[in-house]
Amino acid sequence: MPSSLALLMTGTRADWSKMQPIARGIVKSGAFACLDILSTGMHEDGQHGNTGNDVEGSVQGVRQYHRRPNHLQGSDPINAGIETMKIIADLTREHGYTDIFIHGDRIEANYSSLVALSLNMRIHHIEGGEITGSVDNALRYSVSAHAHFHYVCNEEAKNRLIRCGNNPATIFVIGSPEMDRHAQTGERSLEEIKRHHKISYDKYGIASLHPVTTVDPTVTLEEALYFFFALRASGKSWIVIKPNNDPNSEQILLALEKVLEEDRKSAQPQFFVTDNIPFDDFSTLQANAAFAAGNSSAMVREMPFHGVPTLNIGNRQEGRAQNMDAVINIKAFIPDLIVHTIKVKWDKKFERDTTFGTGKAEETFTQILAAPGYLDRDVQKRFFFSI
């Protein structure tokens, strides 16, 4: 009978699309006596769609769901990180977790790994070893440095973690778990989804712009204005997902509101703006989009997987979309260049890009966990440097 107790932490709309298959895999593997799930961060922030409701009850076999806001003192990342540390520590002391599963490069992940390390928990890191821009890169590799097990998207990520001194025997290539859903056909048709969300467009693009936390807020505002007004100047229709809750997000919302002031005067508005669209519906909308633009990770992961032409702008995803046929990388926020790219590539179709997975991550992950003796690993993290 397994004696290990697992906690899975999810903090954003985006990471739950990856962590839900991981949660199912943990339950199916039978490797743990129980799995509890912590929903925090943006999930418990009403300004971002109350997506904790999507988490709670969504995975069969979970013993308990904990819903804990970590923005009690506002959206400052330091306060959010400190609150996350308290939450993880209190829950672990109460329930005796031996293992924690965390994803990616967010503040919540980094602070959670620090607490877990201090409490002698085994840390399982999903999607380490990747390259991103902004402060995210440092946060991701900080989590990987703490982690005992690594579940990565591809061989390139695995090799980067090995070069950082991680034991090759603890690194497993499973692909991105979110691709499992993207590889499937949704339960609802595109037309049903559009009717449900009151999206009236026939052809549409998807846009999402997030703040780069290492630049000045005035730069963020200027670039966001160029971006959104260029989208409007393209003459196309857009589904716009509001930014995450990182510092400077208010500058992007301010720029978006300025273009919406103009858009509302039009007889045929070009913008449908939302805090969040449930993952299954959004996957179908992504697959049927004529174009995508912005600096979200979706621009270099999901959209190329669907074969949708994509404008990856700025440096937030710098180095992440190398040699992808569907992706056009533009560093500068030049309105004429943005408009030109949209018009030239609009509604083109590309072959599916499987750089970040083929759609079998949950199956692979479950088999890894279920292997006899898999968890028989010392909590002492050891590095394997060749020099």
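This text gives an overview of the structure that appears in the document. Numbers given for residues are sequential positions, taken from 1 along each chain in its written order. Where totals are concerned, whole chains, interfaces and linings use all residues; where local detail is concerned, this predicted model gives features only for residues with pLDDT of at least 70, and gives and counts side-chain atom pairs only at 80 or more. Think of the side-chain values as coming from all heavy atoms in the structure, minus any hydrogens and water.

In this section: unusual backbone geometry. One non-glycine residue, Asn120, lies in the positive phi region at around 60°. Only DSSP runs of H or I reaching four residues or more are called helices, and only runs of E reaching two or more are called strands; each is numbered from the N terminus. When you line up the elements, Asn120 lands in the loop between helix H4 (107–118) and strand S5 (122–126). Buried means the residue's accessible area, taken with a 1.4 Å probe over protein chains only, is under 20% of the maximum for its type, while exposed means over 50%, and partly exposed covers the values in between. Owing to a relative accessible area of 53%, Asn120 belongs among the exposed residues under this scheme. The phi torsion at Glu127 lies on the positive side, around 65°, for a residue other than glycine. Along the chain, Glu127 falls in the loop between S5 and helix H5 (136–146).

Working definition: two side chains of opposite charge can pair if their charged atoms are close together. What makes a salt bridge here is a side-chain nitrogen of Lys or Arg within 4 Å of a carboxyl oxygen of Asp or Glu, nothing more. Counting across every chain of the model gives 24 salt bridges. Across the pair Glu178 and Lys18 runs a salt bridge whose closest N-O atoms are separated by 2.7 Å. Placement of the pair is Glu178 in helix H7 (residues 178–182) and Lys18 in helix H1 (residues 13–29), with a sequence separation of 160 residues. For the residue pair Glu178 and Lys18, the accessibility class agrees, reading buried in each case. As a salt-bridge pair, Arg188 and Asp281 come within 2.4 Å of each other at their nearest N and O atoms. With a gap of 93 residues between them, Arg188 in the loop between H7 and helix H8 (190–197) and Asp281 in helix H11 (residues 279–287) connect regions that are remote in the sequence. Exposure remark for Arg188: the relative accessible area of 32% places this residue in the partly exposed category. Via salt bridges that share partners, Lys18, Glu127, Glu130, Glu178, Arg301 and Arg320 belong to a single interconnected network.

Our focus in this paragraph is the sheet that holds strand S13 (residues 327–330). Pairing between two strands requires that DSSP report at least two bridges joining them. Spatial strand order, S10-S9-S8-S11-S12-S13: six strands in an open sheet with parallel pairing. Each edge of the sheet is formed by a strand with only one pairing partner; in this case those strands are strand S10 (271–274) and S13. Taken over all neighbouring pairs, the strand axes of this sheet differ in orientation by 20° on average, direction set aside. Alignment of strand S11 (residues 291–294) against strand S12 (residues 310–313), held across three bridges, turns out to be parallel. Looking at S12, one finds that Ala293 is bridged to Leu311. For every element, the axis is a line fit to its C-alpha atoms; helices are fit only across the contacting stretch, and the angle between N-to-C directions ranges from 0 to 180 degrees.

Right, let's get into the sheet that holds strand S7 (residues 171–173). With parallel pairing, the seven strands of this open sheet are ordered in space as S3-S2-S1-S4-S5-S6-S7. If you trace the sheet from one side to the other, it starts and ends with strand S3 (64–67) and S7, each paired once. For this sheet, the mean angle separating the axes of adjacent strands, direction not counted, is 20°. Examined bridge by bridge, strand S1 (residues 5–10) and strand S4 (residues 99–103) share three bridges and lie parallel to one another. In the sheet register, Leu8 faces S4, and the bridge partner there is Phe101.

Running from N to C, helix H3 (residues 77–95) and H4 point in directions that differ by 40°, and their axes come no closer than 8 Å. Accordingly, the angle class assigned to the pair H3 and H4 is oblique. At the point where H3 passes H4, the crossing takes the right-handed sense. Counted together, Pro77, Ile78, Gly81, Ile82, Thr84, Met85, Ile88 and Ala89 of H3 and Ile107, Glu108, Tyr111, Ser112 and Val115 of H4 form the full contact between these two elements. Side-chain classes are defined by residue name, with Ala, Val, Leu, Ile, Met, Phe, Trp, Tyr, Cys and Pro counting as nonpolar, Asp, Glu, Lys and Arg as charged, and the others, Gly among them, as polar. Considering only residue class, the contact of H3 with H4 consists of nine nonpolar, three polar and one charged. Angles are sorted into four bins: roughly parallel if under 35 degrees, roughly antiparallel if over 145, roughly perpendicular if 65 to 115, and oblique for all others. In this scheme the handedness of a crossing depends on how the near helix is turned from the far one: anticlockwise by less than a right angle means left-handed, clockwise means right-handed. In this description, contact between two residues means that some pair of their heavy atoms is separated by no more than 4.5 Å.

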